[in-house]
Amino acid sequence: MKSDKAHFVAFIGVMSALIFVLFLLEGTVLSGFGMTACILSLPVAIALSIYDDWHKSFIGGTILGVCSCIFCLVFASLFIFYANPLISVLPRCFIGITAYWTYFGLSRLLKKVKNRYISDMLPAAIAGVVGSLTNTVLYLLAVNIWAGNIMGALTQILNVAIAIYFPIELVACFILVPVYVTVLRKISGKIVNSKAKADSNSDNILNNTVEG
């Protein structure tokens, strides 16, 4: 049990670092526009939320939100307003939840279909779209609530986000989430299988010692 938890914590640590690096890369490239597009980091966060069971569905979005908050603090002169956890973190906690239940429902509905793309990849792609929609709607809603319509440039920024960033994120999530889910399952499977094999070898050694 302790070994399982250690593997999981290590896995989440690696994924957190990956999401942060991707978010930092995206933000550095697009920071001049006053807002970043989560073209690579958002699909990873969604995939991390739906590849396993529902207990972990909030993890990917929460990690993305924390990374966003840290990024906004680092680039405080441009993004300090968005460093508010109620803007950068809270809305994103729901990304994985909506994506997971979309994936779960569609997978159950299409489980008898023999075509793997339709039965597994398509639900993951649609879940990616739902997660992207959740991110955009809740994030912009939080921005509007906390801005109070007193920021003159906000409308222009939001128009750019909706017209340019959102379609790109939507397409990226549709394409990349199924790929990332497949990769995460393989990585997780290798960890579980290697642990099971190690436990089996330990049991065999113990049994041979007792019998001897």
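A brief look at the structure comes next. Since the model is a prediction, treat every value here as computed from it, not as a measurement.

1. Focus: the environment of Tyr117
So, point 1. Note that Tyr117 resides in helix 7 (residues 116-147).
So, point 2. Under the relative-accessibility criterion, Tyr117 is labelled partly exposed at 44%.
So, point 3. Considering only alpha carbons, one finds Tyr117 and Pro178, 61 residues apart in sequence, at a separation of 9.4 Å.
So, point 4. The contacts of Tyr117, once residues within four sequence positions are left out, are Leu122, Pro123 and Phe174.

2. With respect to helix 7
In an α-helix there are 3.6 residues to a turn, and that puts residues three or four apart on one side.
So, point 1. Here helix 7 is 32 residues long and its end C-alpha atoms lie 45 Å apart, about the 46 Å a rise of 1.5 Å per residue gives.
So, point 2. Taking the largest bend as the criterion, helix 7 deviates by roughly 35°, centred on Leu122, and proline Pro123 comes between one and four positions later.
So, point 3. Structurally, the start of helix 7 carries an N-cap: the backbone nitrogen of Tyr117 is 2.9 Å from a side-chain oxygen of Asn115.
So, point 4. Gly148 sits one or two residues past helix 7 and shows a positive phi near 65°.

3. Points about the packing of aromatic side chains
So, point 1. Under the defined criterion, the tally for this structure stands at seven aromatic pairs.
So, point 2. With centroids separated by 5.3 Å and ring planes inclined at 80°, the aromatic side chains of Phe81 and Tyr82 adopt a geometry described as edge-to-face.
So, point 3. A residue is classified by how much of its surface remains accessible, and Tyr82, at 3% relative accessible area, is buried.
So, point 4. Connected via pairs of aromatic rings, a cluster forms that spans Phe81, Tyr82 and Tyr139.
So, point 5. The aromatic ring of Phe8 is capped on one face by Lys56, whose charged end is 5.4 Å from the ring centroid.

4. Examining a nonpolar patch on the surface
So, point 1. On the surface, Trp54, Phe58, Leu86, Leu90, Phe94, Ile97, Trp101, Phe104, Leu141, Ile145 and Trp146 cluster together into a nonpolar patch covering about 1100 Å² of accessible area.
So, point 2. Those elements giving two or more residues to the nonpolar patch turn out to be helix 6 (95-109) and helix 7.
So, point 3. When you line up the elements, Ile97 lands in helix 6.
So, point 4. Residue Ile97 is classed as partly exposed on the basis of its relative accessible area of 31%.

5. Concerning the pattern of salt bridges
So, point 1. Under the definition given, this model contains three salt bridges.
So, point 2. A salt bridge links Asp53 to Lys56, with the nearest nitrogen and oxygen atoms 3.5 Å apart.
So, point 3. What makes Asp53 partly exposed here is its relative accessible area of 27%.
So, point 4. Within the structure, one salt-bridge network assembled from shared partners comprises Asp52, Asp53 and Lys56.

6. Describing empty space enclosed by the protein
So, point 1. Counted according to the given criterion, the structure contains two cavities of 30 Å³ or more.
So, point 2. By volume, the second largest cavity amounts to about 30 Å³.
So, point 3. If you go around the second largest cavity, the residues you meet are Tyr103, Asp120, Met121, Ala124, Pro178, Val181, Thr182 and Arg185.
So, point 4. With four residues, helix 8 (residues 154-211) is the largest single contributor of residues to the lining of the second largest cavity.
So, point 5. Residue composition of the lining of the second largest cavity, grouped by class: five nonpolar, one polar and two charged.

Parameters and conventions
Residues numbered from 1 in each chain as written. Predicted model: local features only at pLDDT ≥ 70, side-chain atom pairs only at ≥ 80, totals over all residues. Heavy atoms only, no water. Helix = DSSP H or I, 4+ residues; strand = E, 2+ residues; numbered from the N terminus. Buried < 20%, exposed > 50% of the residue type's maximum accessible area, 1.4 Å probe, protein only. Contact = heavy atoms within 4.5 Å. Expected span 1.5 Å × (residues − 1). Bend = angle between axes of the 7 residues up to and from the residue. Polar contact = N/O pair within 3.5 Å; in protein donor to acceptor, adjacent residues only side chain to side chain. Phe/Tyr/Trp six-rings, centres within 6.5 Å; stacked < 30°, edge-to-face > 60°. Lys NZ or Arg CZ within 6 Å of the ring centre and 35° of its normal. Patch = residues over 30% accessible without salt bridge, like charges linked within 9 Å, V, L, I, M, F, W, Y side chains within 5 Å. Areas by Shrake-Rupley, 256 points an atom, 1.4 Å probe, with all protein chains shown as cover. Salt bridge = Lys/Arg side-chain N within 4 Å of Asp/Glu carboxyl O. 1 Å grid on protein atoms, 1.4 Å probe; cavity = no way out; pocket = protein on both sides within 12 Å on 5 of 7 lines; lining within 4 Å. Points joined across faces, edges and corners; volume = space filled by probe spheres on them. Nonpolar A, V, L, I, M, F, W, Y, C, P; charged D, E, K, R; others polar.

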